[in-house]
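Examining the three-dimensional arrangement
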Amino acid sequence: MRHLACCLLALPLLAQGLDEATFKGDPKKLAGSCADRARLLRPKDGKMLAEYGRAFLAAGERAKAEECFMAARIDKARDADVHRLIAMAWLRAGQRTEALKAIADMQVADPKDRNAFTRAAVNLQDGGLAKEADSLMERAWILDPSDWQNCVAFGRSCLRKARRDAAAKWFARASQAKPQEERMWNAIALAYADHGAEPI
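Now for the packing of helix H3 (residues 46–58) against helix H4 (residues 62–75). Direction vectors running N to C along H3 and H4 enclose 165°, while the axes themselves pass 8 Å from each other. One finds that H3 runs roughly antiparallel with respect to H4. Seen along the crossing, H3 lies across H4 with a hand that is left-handed. Residue-level inspection shows Gly-46, Leu-49, Ala-50, Tyr-52, Gly-53, Arg-54, Phe-56 and Leu-57 of H3 in contact with H4, the latter providing Arg-62, Lys-64, Ala-65, Cys-68, Phe-69, Ala-71, Ala-72 and Asp-75. Looking at side-chain class alone, the contact of H3 with H4 contains ten nonpolar, two polar and four charged residues.

What follows is the structure, given as structure tokens:
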């Protein structure tokens, strides 16, 4: 009850912006305090809770992060992308074991969400976990071999990590899925032109 009263008293303050000097402070503390403010303003959206958790991890506030992740899982238990966001938060915080556990949870939550699997595979690749990324991308591809966009997205991430052979495999799959699709050929062209950088 006392906590609720404190939150209610803080609401008028939350409606105010902060001055420039505040944002020149310690980045870790700012990540935590901004996540606290966001959470008070919008406390129950699963995807937002996962993102608050990532900010809390960056701020070194693991207990708050885990609380947010648990609330996110409760709010969106079957949403694979919520589990992916949690996995990437752990990965960015250097917590490989927790990240891979969240990836496993993602696959159980929705075993057919090939788009979330592809995004997670790209995230794993960017995070330096190529073997795990390859395995997850294979699963996404099996769910729909005709999805050339996912093949190109993963191939692009392979190029970013200088994995030319892996990129070739995925671009070949994209080209075999839709050989008459000009957008696919252009996407591959730009992937090579941009050395795998994310599209503009």
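Before going further, it helps to examine the environment of Gln-125. In this fold, Gln-125 is placed in helix H7 (residues 114–126). Residues Gln-125 and Ser-157, 32 residues apart in the sequence, show an inter-C-alpha distance of 6.7 Å. Those residues within four positions of Gln-125 in sequence are excluded, and the remaining contacts are Ala-130, Ala-133, Phe-154, Ser-157, Cys-158, Lys-161 and Arg-163. At 2.6 Å, the side chain of Gln-125 and the side chain of Arg-163 are in polar contact.

Below, the discussion takes up the pattern of salt bridges. In total, this model carries 20 salt bridges according to the counting rule given. The salt bridge partner of Arg-119 is Asp-81, with a shortest N-O separation of 3.2 Å. Of the two residues, Arg-119 sits in helix H7 while Asp-81 sits in helix H5 (residues 80–92), which places them 38 residues apart along the sequence. Residue Arg-119 is classed as partly exposed on the basis of its relative accessible area of 35%. Classification of Asp-81 by relative accessible area gives buried; the value is 9%.

With that settled, the discussion passes to the state of the cysteines. Covalent bonding between the sulfur atoms of two cysteines is what defines a disulfide. Following the criterion strictly, the structure yields zero disulfides and no others. Counting only cysteine sulfurs, Cys-68 is the nearest neighbor of Cys-34, a cysteine outside any disulfide, at a range of 14 Å. Taking relative accessible area as the criterion, Cys-34 reaches 36% and is therefore assigned partly exposed. Judged by relative accessible area, which is 0%, Cys-68 ranks as buried.

What follows concerns the packing of aromatic side chains. Summed over all chains, the structure comprises three aromatic pairs. A cation sits over an aromatic face here: Arg-173 above Trp-141, 3.7 Å from the ring centre. Lying over the aromatic face of Trp-170, Arg-173 brings its terminal NZ or CZ to 4.6 Å of the ring centre.

Time to look at the layout of surface pockets. It is the rolling of a water-molecule-sized probe over the atoms that shows where space remains empty. Approximately 150 Å³ is the volume attributed to the largest pocket. If you go around the largest pocket, the residues you meet are Val-122, Trp-148, Gln-149, Val-152, Ala-153, Arg-156, Arg-160, Arg-183, Ala-187, Glu-198 and Pro-199. Taken together, the elements giving at least two residues each to the lining of the largest pocket come down to helix H9 (148–160) and helix H11 (182–193). When residues in the lining of the largest pocket are grouped by element, the largest group, six residues, is from H9. Here the residues of the lining of the largest pocket sort into six nonpolar, one polar and four charged.

Nonpolar side chains in soluble globular proteins tend to be buried together. Counting residues in hydrophobic clusters, the biggest one holds 49 residues, and the most contacted among them are Ile-86, Ile-103, Met-106, Leu-124, Leu-136, Val-152 and Phe-154. Each residue touching Val-152, except ones within four places of it in the same chain, is listed here: Phe-171, Ala-174, Met-184, Ala-187 and Ile-188.

Residue placement: Asp-147 occurs in the loop between helix H8 (130–143) and H9. Asp-147 has contacts with Arg-114 and Asn-115, leaving out every residue within four places of it along the chain.

Let's shift gears to H5. The end-to-end C-alpha distance of H5 is 18 Å, a good match for the 18 Å that 13 residues give at a rise of 1.5 Å each. Burial analysis of H5 places twelve of its 13 residues in the buried class, which makes it a mostly covered element. For H5, the side-chain oxygen to backbone nitrogen distance between the N-cap and Asp-81 is 2.9 Å, and the N-cap itself is Asp-79. Once H5 finishes, Gly-94 follows within two positions and takes phi at roughly 80°, a positive value.

Reading the values: rules and limits
- Residues numbered from 1 in each chain as written.
- Predicted model: local features only at pLDDT ≥ 70, side-chain atom pairs only at ≥ 80, totals over all residues.
- Heavy atoms only, no water.
- Axes fitted to C-alpha atoms, helices over the stretch in contact; angles between N-to-C directions.
- Helix = DSSP H or I, 4+ residues; strand = E, 2+ residues; numbered from the N terminus.
- Parallel < 35°, antiparallel > 145°, perpendicular 65-115°, else oblique.
- Left-handed = near helix turned anticlockwise from the far one by under 90°.
- Contact = heavy atoms within 4.5 Å.
- Nonpolar A, V, L, I, M, F, W, Y, C, P; charged D, E, K, R; others polar.
- Polar contact = N/O pair within 3.5 Å; in protein donor to acceptor, adjacent residues only side chain to side chain.
- Salt bridge = Lys/Arg side-chain N within 4 Å of Asp/Glu carboxyl O.
- Buried < 20%, exposed > 50% of the residue type's maximum accessible area, 1.4 Å probe, protein only.
- Disulfide = S-S within 2.5 Å.
- Phe/Tyr/Trp six-rings, centres within 6.5 Å; stacked < 30°, edge-to-face > 60°.
- Lys NZ or Arg CZ within 6 Å of the ring centre and 35° of its normal.
- 1 Å grid on protein atoms, 1.4 Å probe; cavity = no way out; pocket = protein on both sides within 12 Å on 5 of 7 lines; lining within 4 Å.
- Points joined across faces, edges and corners; volume = space filled by probe spheres on them.
- Core = buried A, V, L, I, M, F, W, Y, C linked by side-chain atoms within 4.5 Å.
- Expected span 1.5 Å × (residues − 1).

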